[in-house]
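Close look at the chain arrangement
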Amino acid sequence: MKTKSSYFCQSCGYESVKWLGKCPACNQWNTFVEEIIDKSTKTQNVWKTSGGKARVAKAQPIEEVADADIARVLTGDTELDRVLGGGLVPGSVILIGGEPGIGKSTLMLQLALKLKGQKVLYVSGEESESQIKMRATRIQNDINPHCFVLTETATANIFKQIEQVEPDLVIIDSIQTLQSPFIDSTPGSVSQVRECTAELIRYAKESYTPVFLIGHITKDGMIAGPKILEHMVDTVLQFEGDRHHIYRILRSIKNRFGAAAEMGIYAMQGNGLREVANPSEILLSERIEELSGIAISATLEGARPMLIETQALVSPSPYGTPQRSANGFDTKRMNMLLAVLEKRCGFRLNAKDVFLNIAGGIKVEDPAIDLAIMAAIISSHEDIAISSKICFSAEVGLSGEIRAVNRVEQRIAEAEKLGFEQIYIAQGNAKSIDPKKYQIEIIPVGKIDQVFSLLFG
Ligand SMILES: [Zn+2]
């Protein structure tokens, strides 16, 4: 057998015949590694050659094509089902990325144990069967009897076991441990990860079996190995959170079968992950007394409304250049909001340090959080607390105008449900809603300074 090698960028998967110092695709330095590949057999496929029952593709009238939504399987994990866009789609391949130790294996093992009446094959390249069993009994005492575990890294053997077990769902922990017989390079290398993923995708599509792939990501947020993995699979989920913090967030980054940006929240406990059905409860910290620098925002993550606490600290800067830092919020956007406060409202913040924090360790991209952030900053600056019964939901523009946000009624309803007494929204939003429908007092505002005179006099 003639072997051939190629150089791959370990960061983005770019292939080159010779070593390069700088990757032309992702511009990173020293990322090229030589990997031995065997082109002559690369196009073959373990799944097919091992004689699995493949589905023969045939053209069919569009009317007769089964609707993916109808065929979806609910996993029993409501957070996961929501993030997937309403359950598992047959034949879909889902990548779950996250830093090592964050709980990806726990999430997947829990799913395998929970899926009653479904045959699940849990393949681990990192733990022995007995280690998995130990973990399983800690998570759940009532175990799915159709859950099969396998410690294996060779795709050829995995496909043999798949033929025997005929699972309804396959979980691979992790894609970086797998090894295809057609590629000589080490597990976790770009060409290896790419080939193993391709084999599993072929299996998933031909057998209509959904496959979950666990992928470890590096510190800078990349799925270790190739970025191309993200393009190959149908759905990319990210499992994030601070290892020392109990909350975990499952986010969809890409989803061919549903909306991206959906989010699920879990709490990590001694016996596994618990779904958090009401996220507002955890995102609002318990306050005994009212403190300055805190404002609550009614935001929307995916389709779910939640109330989130924003905290700001504004203090005189001891150095020439003021410090600006934001946790869970885009720093550029914070600087823009600070510029609006300076220019349009006359607050002198250029000699102040400004620190911003979103409670619960989550990242918010919903622009409706703008108004709460500005209110928190001015509350800290003026040292005047905002009542804990007030919340905000509006975007703020460059001239200090308060802008309408989408699905404001859902936000108002959530705020009312949680016992808030007032909500500040944009005039543009207020036109379309009937305030008599709500118990909560709706305060429409047009300009940012109007908000401050109502709040701080
Ligand atoms: Zn690259």
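Small disclaimer: the values here were computed from a predicted structure and weren't measured.

All right, on to the sheet that holds strand 5 (residues 120-124) then. Read across the sheet, nine strands follow the order 6-5-7-8-4-9-10-11-12 without closing on themselves; strand pairing throughout is mixed. The sheet is open, and its two borders are formed by strand 6 (147-151) and strand 12 (272-275), each paired with just one other strand. Direction aside, neighbouring strands of the sheet carry axes that sit 25° apart on average. Helix-sheet contacts for helix 6 (residues 129-139) involve strand 5 and strand 6, and the interaxial angle to strand 6 is about 140°.

This paragraph deals with empty space enclosed by the protein. Take a probe with the size of a water molecule and roll it over the atoms, and the empty space left behind shows itself. A full pass over the atoms with the stated rule returns one cavity of 30 Å³ or more. In this structure, the largest cavity encloses a volume near 30 Å³. Lining of the largest cavity is provided by L84, G87, L88, V89, S92, I94, T235, N255 and F257. Classifying every residue of the lining of the largest cavity gives five nonpolar, four polar and no charged.

A word on the environment of A277. In this structure, A277 sits in the loop between strand 12 and helix 10 (279-283). Among the residues examined, A277 registers a relative accessible area of 68% and is labelled exposed. Placed 13 residues apart in sequence, A277 and G264 show a C-alpha to C-alpha distance of 8.8 Å. Beyond its immediate sequence surroundings of up to four residues, A277 is in contact with E79 and R304.

The rules we used
Residues numbered from 1 in each chain as written. Predicted model: local features only at pLDDT ≥ 70, side-chain atom pairs only at ≥ 80, totals over all residues. Heavy atoms only, no water. Pairing = 2+ DSSP bridges. Helix = DSSP H or I, 4+ residues; strand = E, 2+ residues; numbered from the N terminus. Axes fitted to C-alpha atoms, helices over the stretch in contact; angles between N-to-C directions. Contact = heavy atoms within 4.5 Å. 1 Å grid on protein atoms, 1.4 Å probe; cavity = no way out; pocket = protein on both sides within 12 Å on 5 of 7 lines; lining within 4 Å. Points joined across faces, edges and corners; volume = space filled by probe spheres on them. Nonpolar A, V, L, I, M, F, W, Y, C, P; charged D, E, K, R; others polar. Buried < 20%, exposed > 50% of the residue type's maximum accessible area, 1.4 Å probe, protein only.

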